[in-house]
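# Results of the structural survey
Chain by chain, the residues:
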Amino acid sequence: MRQILVSASLILSRAIDLDILIEEDLLLPRVRVRQHVNPLSQKYQTPITPPVWEKIYSDLNQPFFLDIGAARGRFLLEMAQLQPDYNFLGLEIREPLVTEANRIRDELGLTNLHYLFCHVNPSLETVLASLPKNALNLVTIQFPDPWFKQRHGKRRIVQPQLVETLANYLNPNSWQQRGGVFLQSDVRFVIEEMSRHFAAHPAFFRETSTWLSENPFPVATEREITTLEQNQPVYRTWFDRATP
Ligand SMILES: C[S@@+](CC[C@H](N)C(=O)[O-])C[C@H]1O[C@@H](n2cnc3c(N)ncnc32)[C@H](O)[C@@H]1O
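What counts and what doesn't
- Residues numbered from 1 in each chain as written.
- Predicted model: local features only at pLDDT ≥ 70, side-chain atom pairs only at ≥ 80, totals over all residues.
- Helix = DSSP H or I, 4+ residues; strand = E, 2+ residues; numbered from the N terminus.
- Buried ≥ 20, exposed ≤ 12 C-beta atoms within 10 Å, placed from the backbone.
- Contact = placed C-beta atoms within 7 Å.
- Near = placed C-beta within 6 Å.
- Nonpolar A, V, L, I, M, F, W, Y, C, P; charged D, E, K, R; others polar.
- UniProt positions renumbered as here; feature names shortened; annotations may be inferred.
- Arc of directions from axis to C-beta.
- pLDDT = per-residue confidence, 0-100.

Here the focus is the overall build of the protein chain. The number of helices and strands found in the protein chain is eight helices and seven strands. With 244 residues in all, the protein chain has 36% of them scored as buried. The long-range fraction of contacts in the protein chain, counting pairs at least 24 apart against all pairs at least 6 apart in sequence, stands at 78%.

Below, the structure written as structure tokens:
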């Protein structure tokens, strides 16, 4: 992923054109969805059956970039165009958003991008086990639903089991290609809780003890854009995969 960082300035000039392309797509009606779904409801508990990846990605041997909680998928839609030598996969629990994101992906003819409808916690293991060995190089968890009430804590995406699964599947050499796990949130206790869970696992170590001032990627997420427009703080951190 160092390529993304090094070529960010080149990419940014291209991103202006891409933005226009994507905005034109938005002339189509936006899918209306509930703002939140309860991930603990019974209907989301069965792990999904992963698709046949060979039918989706034109080159299954490329490294994978996983975005957990992809929402409308705009972040990945731009990233996939900027970084054709990566395969991008977005996981999202609100099915209409996934259907619409895949429709736009098809319209643009992208063969390195897919969105998958699932509740990530029961499905992540099955999804990652279905990818080629050591394919997973980069993971982003950006602005996950905070679930402010303490009794709703189990609804938050980042739980010790999710960290364990990522540790098992993230390529142990990912740090050499600037891979790892990138976390960001506008809610302090959420980023602190996520960071605690990753720091508690021996497979991960945090790169810096302070929050990153910049997003290392050349594309901002939808929630990130809104937060920055409102002059609200964004807390970001990066975890590397420790070598075994
Ligand atoms: C606040 S939004 C942030 C979206 C995007 N990452 C961004 O930064 O703009 C959180 C997203 O995570 C999705 N989500 C929440 N819980 C989930 C779960 N258990 N599995 C998959 N997606 C989930 C929500 O539906 C929502 O689209």
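Attention shifts here to the site of the ligand. Near the ligand lie 19 residues; those nearest to it are Gly69, Ala71, Ile93, Thr221 and Arg223. At the level of secondary structure, the elements contributing two or more residues to the shell around the ligand comprise strand E2 (87-92), helix H5 (120-129) and helix H8 (222-229). Partitioning the shell around the ligand into residue classes produces eight nonpolar, five polar and six charged.

Below, the discussion takes up the UniProt feature "binding site: substrate" (unreviewed entry) in the protein chain. Under the present numbering, the feature "binding site: substrate" (unreviewed entry) in UniProt falls on Lys149 and Asp186. Position of Lys149 relative to the elements: it lies in the loop between strand E4 (136-142) and helix H6 (160-169). With respect to the element layout, Asp186 can be found in the loop between strand E5 (180-185) and helix H7 (188-199). In this structure Asp186 comes out as partly exposed when scored by C-beta crowding, with 18 C-beta atoms within 10 Å. Once residues lying within four places of it in the same chain are set aside, the contact partners of Asp186 are Phe143, Thr227, Gln232, Pro233 and Val234.

The next thing to look at is the UniProt feature "binding site: S-adenosyl-L-methionine" (unreviewed entry) in the protein chain. Within this structure's numbering, the places UniProt gives as "binding site: S-adenosyl-L-methionine" (unreviewed entry) are Asp67, Glu92 and Asp145. Spatially, the listed residues are clustered: although they cover 79 residues, their C-alpha atoms lie within 14.0 Å of one another. Mapped onto the secondary structure, Asp67 falls in strand E1 (residues 64-68). Filtering out sequence-adjacent residues up to four positions away, Asp67 remains in contact with Phe75, Leu76, Gly90 and Thr140.

In this model, Asn134 sits at a positive phi of 60°, which is unusual for a non-glycine residue. One non-glycine residue, Trp147, lies in the positive phi region at around 45°. If you trace the backbone, Trp147 turns up in the loop between E4 and H6.

By the burial criterion, the buried members of H6 are Leu162, Val163, Leu166 and Tyr169. Looking down the long axis of H6, one finds its buried residues gathered within 135° of arc, a one-sided arrangement.

Another aspect to go through is the confidence of the model for the protein chain. A residue-level look at the protein chain finds 88% of positions with pLDDT of 70 or above and a mean pLDDT of 88. For the stretch residues 1-28, pLDDT sits under 50, and the model shows 28 contacts to residues farther than four places along the chain or on other chains. For this predicted complex, the interface confidence score (ipTM) comes to 0.99, while the overall pTM stands at 0.89.

Attention now goes to the environment of Leu97. Structurally, Leu97 can be placed in helix H4 (residues 95-108). On the basis of neighbour count, Leu97 is assigned to the buried category, with 20 C-beta atoms found within 10 Å. Along the primary structure Leu97 and Tyr115 are separated by 18 residues, whereas in three dimensions their C-alpha atoms are 9.1 Å apart.

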